[in-house]
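# Residue-level structure breakdown
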Amino acid sequence: MPLRETKDPTLLGVGMTSQRTRDRLVGRLQAAGIADQRVLDTLRREPRHLFLDEALSHRAYEDSSLPIGHGQTLSQPWMVARMTELVVAEGPERVLEVGTGSGYQTLILSRLVPRVFSLERIAALKARAVERLRRLGAHNVTLRLADGGHGWREAAPFDVILLTACASELPEALLDQLGENGVLITPLEDEVGQQWLTRVRRQGQHYEYQRLEPVRFVPLLQGVIR
Ligand code: SAH
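Given the structure is predicted, the values throughout are model-derived calculations rather than measurements. (Residues numbered from 1 in each chain as written. Predicted model: local features only at pLDDT ≥ 70, side-chain atom pairs only at ≥ 80, totals over all residues. Heavy atoms only, no water.)

### Some points on the pattern of salt bridges
- Tallying each qualifying case throughout the model produces nine salt bridges.
- Arginine 111 is paired through a salt bridge with glutamate 46; the nearest N and O atoms lie 2.8 Å apart. Highlighted residues: arginine 111 in the loop between α4 (104-110) and β4 (115-120) and glutamate 46 in the loop between α2 (37-45) and β1 (66-69), separated in sequence by 65 residues.
- A salt bridge links glutamate 85 to arginine 82, with the shortest nitrogen-to-oxygen separation between them at 3.8 Å. One end of the pair, glutamate 85, and the other, arginine 82, are both in helix α3 (residues 77-88), three residues apart, so they sit about a helical turn from each other.
- On the basis of relative accessibility, which here comes to 17%, the residue arginine 82 falls in the buried class.
- Each of Arg82, Glu85 and Glu213 takes part in salt bridges that share partners, so that together they form one network. (Salt bridge = Lys/Arg side-chain N within 4 Å of Asp/Glu carboxyl O. Helix = DSSP H or I, 4+ residues; strand = E, 2+ residues; numbered from the N terminus. Buried < 20%, exposed > 50% of the residue type's maximum accessible area, 1.4 Å probe, protein only.)

### Focus: the nonpolar core
- Counting 47 residues, the largest nonpolar core has Leu29, Leu43, Val87 and Ile185 as the members making the most contacts within it.
- Among the elements that line this core, the one with the most residues is α3, at eight residues.
- With 17 residues, the next largest nonpolar core counts Leu119, Ala146, Leu170 and Leu174 among its residues. (Core = buried A, V, L, I, M, F, W, Y, C linked by side-chain atoms within 4.5 Å.)

### What to know about α2
- Every buried residue of α2 is listed here: Val39, Leu40, Thr42 and Leu43. Around the axis of α2, the buried residues are gathered within 160° of arc, so they sit on the same side.
- Near the N-terminus of α2, the side chain that reaches the backbone nitrogen of arginine 38, with its oxygen 2.9 Å away, is that of aspartate 36. (Arc of directions from axis to C-beta. Polar contact = N/O pair within 3.5 Å; in protein donor to acceptor, adjacent residues only side chain to side chain.)

### Observations regarding the packing of aromatic side chains
- This structure, assessed with the given rule, holds three aromatic pairs.
- Considering the side-chain rings of phenylalanine 51 and tyrosine 104, the 5.6 Å spacing of their centres and the 65° angle between planes classify their relative orientation as edge-to-face. Of this pair, phenylalanine 51 sits in the loop between α2 and β1 while tyrosine 104 sits in helix α4, and the two are 53 residues apart along the sequence. Tyrosine 104 carries the same exposure label as phenylalanine 51, and that label is buried.
- Judged by centre distance (5.4 Å) and plane angle (75°), the rings of phenylalanine 117 and tryptophan 152 are edge-to-face. Residue phenylalanine 117 is found in strand β4, and its partner tryptophan 152 is found in the loop between β5 (141-145) and β6 (158-163); the two are separated by 35 residues along the sequence. We note that phenylalanine 117, like tryptophan 152, is buried. (Phe/Tyr/Trp six-rings, centres within 6.5 Å; stacked < 30°, edge-to-face > 60°.)

### What about the layout of surface pockets?
- Quantified by volume, the largest pocket comes out at close to 520 Å³.
- Residue lining of the largest pocket: 35 residues in total, with Thr73, Ser75, Thr164, Ala165 and Val218 positioned closest to the centre.
- Across the lining of the largest pocket, the residue classes break down as 17 nonpolar, 13 polar and five charged. (1 Å grid on protein atoms, 1.4 Å probe; cavity = no way out; pocket = protein on both sides within 12 Å on 5 of 7 lines; lining within 4 Å. Points joined across faces, edges and corners; volume = space filled by probe spheres on them. Nonpolar A, V, L, I, M, F, W, Y, C, P; charged D, E, K, R; others polar.)

### Structural notes on the site of the ligand
- Lining the immediate environment of the ligand, one finds 26 residues, of which Ser75, Ser102, Glu120, Gly148 and Leu221 sit closest.
- In the model, a nitrogen atom of the ligand is placed 3.0 Å from a nitrogen or oxygen of the aspartate 147 side chain.
- Here a nitrogen atom of the ligand and a backbone polar atom of leucine 221 are 2.6 Å apart.
- For the ligand, whose free accessible area comes to 570 Å², the fraction covered by protein is 99%.
- Given that more than half its atoms are within 2 Å of the pocket grid, the ligand belongs to the largest pocket.
- Looking at the shell around the ligand, the elements with two or more residues in it are β2 (72-74), β3 (94-98) and β4. (Near = heavy atom within 4 Å. Areas by Shrake-Rupley, 256 points an atom, 1.4 Å probe, with all protein chains shown as cover. Sits in = over half its atoms within 2 Å of the grid points.)

Below is the structure:
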């Protein structure tokens, strides 16, 4: 699928400085082990600064997580790149993201996957993400305000489900909504509260867990905030 570029002229006030800092960020991600060229190209192209409040946008191309209000954070670029790499390795048609947040990870996915669904439990964050994704022409994305722990039954099955918030136990509903050979990628807490990026591969009725690397995410919470 061809990568789409932003055509909206109001978004081109990005300037050279921003492009240079973005190139530098991508160089750092590469040095830190991100190898998938399509993922790197997408991060190089897409405007992370538009997913932050203006007061923070000058920090958009640092490799750090940043606050987006409501006690939530925009994930660190390395983490977005790593998770996207794991998603695209599956060659998925349909991906469900749980935890839209700013919508930045959603945008990156939308450039590399034909169909993206994303759930967010905080209405104000969802509303802002809808607006940004619309302006950036991410028309293959559908967002919904919901507790993502229940998944999205009408849109299932999914080839990949990606959680951007950490659960202590995996919601059963999400595992049920994976396709026959689907994969769930999520931060998951161990017995002592350490979070691990974890890949769960479904093989029929069998689920195979693989612990990847230690990570730090905000918690997966229940219910919806309107
Ligand atoms: N990928 C996002 C990460 C945001 S932080 C970004 O980079 O901007 C995680 C998000 O998960 C928060 O917005 C939080 O509100 C949301 N979240 C937490 N529990 C949730 C749940 N049960 N259902 C849906 N969203 C949830």
